[in-house]
Every structure is written in C-alpha cells, then in structure tokens.
Amino acid sequence: MQFKSYNLNKDLIRILEEKGYKDLTKIQELVIPKALKGENIIAKSETGSGKTHSFIVPIINNVVIDGTLQAIILAPTKELARQTFDFINEIINEEPFNKIKCKLFTSGEDQTKDLKSFLNGAEIIVATPGKLNFLLNAATTDLSTLKTLVLDEADMLIDKTFIDDIDKIFEKVNKSIIQVEVFSATISKSVNDFLRKFISPDYTLTVDEKNKSNKNVSHYFINTKHQDKYELLLRFIEIKNPYLLFVFGNSKTEAKNIYEFLYNNKYKCGLISGELDKRERRSMLRRIKNDEFRIVVCTDLAARGLDIDDVSEVLNFNIPNNLEYYYHRAGRTGRIGKTGECYSFYDNDSITLPLKLKAEGLEVKYLKFSNGELIQDNSLEKNFKRRKTNNNVELEKEIKKAKSFAMGDKVKPGYKRKVKTAIDKVKRKHKREVIKKDIRRQMVERYKREALEK
C-alpha cells in the first residue's frame, strides 16, 4: 500500500514520494488511518519498522497553521528528539508546509533562550519530558487545546526517570479532546499499567508480537572459548569485511576501550557514547550518516531508535544483561525491509544469556573461530549442560565450607558481610579454575588434531 491510498494532502504525498517514502510499512498501514481520525493508539512494532513516519505524517497533514500548539512529541533522549525533529523538518521545509513552526526543546540547552522560543509559539513541539515540564511551568502554560500527544520509545520514557514529568504533562491536557499515541518496540507490564490510566486497551496495535526480533535480521552467537576478545574483534572484522558495523559495549568504559583498541590498530571508527557532549554527539551522527566510517563503537545510547541507514552487521562485544536491549541493538540493522546480521561474543561462563534468548524463541546459529574462518559450532548446548552440572556440584561444596568457616562457632556482629566476602572469594576462584580447565581442554584438543594431521 502507498501513501496516496489515504486521504492525505496531495502536496504531502508528493513531498513524501520525492523523498523516497512511497510504500508503507505494516505499522504505517495500521496506524495512519486511525491517527488521521484522531484515535488513541498504542503501537508495538519491531525496531526499524517505520514507526516515526506513522505519527509525523498524520500530524503534519492535520495541522492548522495558526500559531497554536497542536502536537507534542516526547522522546527519551536528545538524539531521538533531534532525529524526529529532523524528519519533520525534512517535510515542512517544502511548500506549502513551510509556514508550520516546529520547535525542538531538549535537556542541556540554554533555558532562557528556550523559554523565549517557547513563548513565541509553534504548532508542533518535539521535546524531552524534563525540559518540556520546565517550560510549561515557567511559562504557566496549560495544554487544554492540545490535540495530539505522542510518546515515542515509551518503555524508555515511562520509567523512574521520566514518569513524574509525564504524569504532570498529562494533568495539563484536556482528556476529552486529546489524542494519545504511544510507540515502542517493547511494551512492558509497567508501561501497560501506566498507560491504562489514559488509554483503553482497545487501542493497542501490535505487529509481529511473537517475534521481538526483526525477521530480516539473522542472529549468530560466537564462542570465544576464553580467548582475547579484542584480538577476536580484529579477526571478525577481517573475516566479515563489513560495510557498516556497529560494535556495542556494555558500558562507556568498555566502548571507549574498544574504540581506542581499534584506533590503535589503524581502523578509522566512530564512537557514540554518553561521554560525548551534545555538540560532539551531533557531529558524530552527522559524520556516520555521511559514510565516514565502516565501524562505529556504541553504548546502548545508540540502541534505541537512531535511524542510521545501511548498518550491515551488529556485534555485541558482550550480551547485555537486560535482554530487551539485545533486540534493540539487533534492530540497528535490517531496517525498512533490508537484511542484516547480529553477532554476539560469549564464552562458557556467559552462556546463560544466549540460552535465555534462544528460550524466548530467537532463532540462532552458533559459531566459532577456526583457521581464519567462522564455522558452525554444534556441540555447545550439550557441553554446557554437562559442565554446568559438574561445576555447580563442586561450587556448592566450596561455598558451604567457606560459609561455615566465616561464621565460626558463634554468631558475631558483621557476620553477614564476612560470609558474603567469603562466598564471593570462592566464586571468583572457582571461575578462574573453570577458565583454566577450559583452556587446558582446548590445548589438548588442538594437540590431538595436529597429531592426526601429521
């Protein structure tokens, strides 16, 4: 189906087609007719499915150019807000929509300047919740005439950081006329519970509910076998020769270390991290979109909603403990009908996360490095179950001994801390022994192979 199939402004259809937006995605087909009618919507769809245009196109189509605030779009980060703002301006910079005022308000900007701009009015505002709340309070503004409120990436918005701000914003709207649109790749129970205060469950739209992962993305788990992951990263890049690779670290420190390692090995790469200030991040995103890099190192700051075309592969240096972020990371590739690949490093100590993902229905292929190639690794789960059983029995015995020794004959003040310290020490020692045994096993297997080859 195409945009011209709907009762949209003809000039809007023309502009969309000129900019390459012709065929609708599934989520756009579901959302746009309801959004045009002013209906409330909770839309859950995979990352990269085209959610943003499903709400900005109806908003622009329905705007009355009179200087009154008619639509607010809330985003959880400055980067996502800026991206949505840029999408809107891509359209309204063209006639006859160039008289529509759309303004961006995010944290970290000059408050006096923002307040002055806010008071001068706009038909559409894109903002982060904290900054919008500040402006509404400082300007003593109510939102009783607001027509549409959009919560983008709702599961990030409705958490402990933003929930109070969003509650206060909802208090100012006229609930009898407001259209609330909620978009996210995942909608948790806590998000659902919060939304039910404002939206009936009858308005929920879901695309590919059974598959959290984009069907266009193939998933691979690579057993590092306790080898140096930084060196394996170089081998991975050499083998895959990526067009555009996103490498995710689990922290700012890890991402910085990966970036510096690649830089020292003569790879020109980008970095998206919370360590960058606003100007640096904006410059970095622009350079990435201008195809300056083949490799971009990221934290989960880049896992949500950033629309960067043609990411060919994603590599998780470590799988995130919050598995929802695995799907968001994987969603950086395979966007809008394209195919992509998501790879993850793991070893036998961190296999529980890959197995949890597989238990959720993720279709996975297991790989390992061998003679300069990535080849299939079939025996992984069987070996893991056997080793886990043996290791757990040994570990439990050592923990009981350490706990008994730490407590002594009499219970004394501070015994809980002593017990915890003793148990942690045993676990660290046990982990080192497991790694040593695995390395020795690999050496034996290699010697046997070499002997047979001779």
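The preceding data block contains the structure.
Summarised in this report is the structure supplied together with it.

## Re unusual backbone geometry
Negative phi values dominate among residues other than glycine, just as trans dominates among peptide bonds. Cis geometry marks the peptide bond from Glu95 to Pro96, where omega comes out at 5°. One can find Pro96 in the loop between helix H4 (78–92) and strand E3 (102–105). If you check the backbone angles, Lys225 has positive phi at about 50° while not being a glycine. A relative accessible area of 19% places Lys225 in the buried class. Here the phi dihedral of Asn371 falls at roughly 50°; this positive angle occurs in a residue that is not glycine. Along the chain, Asn371 falls in the loop between strand E14 (364–370) and strand E15 (373–376). For Asn371, a relative accessible area of 75% corresponds to the exposed category.

## Section: the environment of Leu353
Positionally, Leu353 belongs in helix H14 (residues 352–359). Between the alpha carbons of Leu353 and Asn321 there is a distance of 7.3 Å; along the sequence they are 32 residues apart. The residues touching Leu353, leaving out its near neighbours within four places in the chain, are Ile319, Pro320, Asn321 and Leu323.

## Quick notes on the nonpolar core
Counting residues in each nonpolar core, the largest one holds 38 residues, and the members touching the most others are Leu12, Ile59, Ile60, Ile73, Ile88, Ile124 and Val126. Contributions of two or more residues to this core are made by helix H1 (10–18), helix H2 (26–36), strand E1 (41–44), helix H3 (51–62), strand E2 (71–74), H4, E3 and strand E4 (124–127). For this core, the leading source of residues is H4, giving seven residues.

## So, the packing of aromatic side chains
Each aromatic ring pair is characterised by the separation of its centres together with the angle its planes make. Applying the stated rule across the entire model yields 14 aromatic pairs. Measuring from ring centre to ring centre gives 5.0 Å for Phe55 and Phe183, while their planes differ by 45°; the resulting arrangement is tilted. Taken together, the residues span a long stretch of sequence, with Phe55 in helix H3 and Phe183 in strand E6 (residues 179–184) at a distance of 128 residues. The same class applies to Phe55 and to Phe183, which are both buried. Chaining the aromatic ring pairs together yields one cluster made of Phe221, Tyr326, Tyr327, Tyr346 and Tyr366.

## Here we look at helix H12 (residues 278–289)
Taking 1.5 Å of rise per residue, the 12 residues of H12 would be expected to cover 16 Å, and the 17 Å separating its terminal C-alpha atoms lies within 8% of that figure. All of the buried residues in H12 are Arg281, Met284, Leu285 and Ile288. Looking straight down H12, one finds its buried side chains confined to an arc of 100°; they lie on one side. Each element contacted by the buried residues of H12 is listed here: H4, strand E10 (269–272) and strand E11 (295–298). Phi turns positive, to about 65°, at Asp291, one or two residues after H12.

Criteria and thresholds
Residues numbered from 1 in each chain as written. Predicted model: local features only at pLDDT ≥ 70, side-chain atom pairs only at ≥ 80, totals over all residues. Heavy atoms only, no water. Helix = DSSP H or I, 4+ residues; strand = E, 2+ residues; numbered from the N terminus. Buried < 20%, exposed > 50% of the residue type's maximum accessible area, 1.4 Å probe, protein only. Contact = heavy atoms within 4.5 Å. Core = buried A, V, L, I, M, F, W, Y, C linked by side-chain atoms within 4.5 Å. Phe/Tyr/Trp six-rings, centres within 6.5 Å; stacked < 30°, edge-to-face > 60°. Expected span 1.5 Å × (residues − 1). Arc of directions from axis to C-beta.

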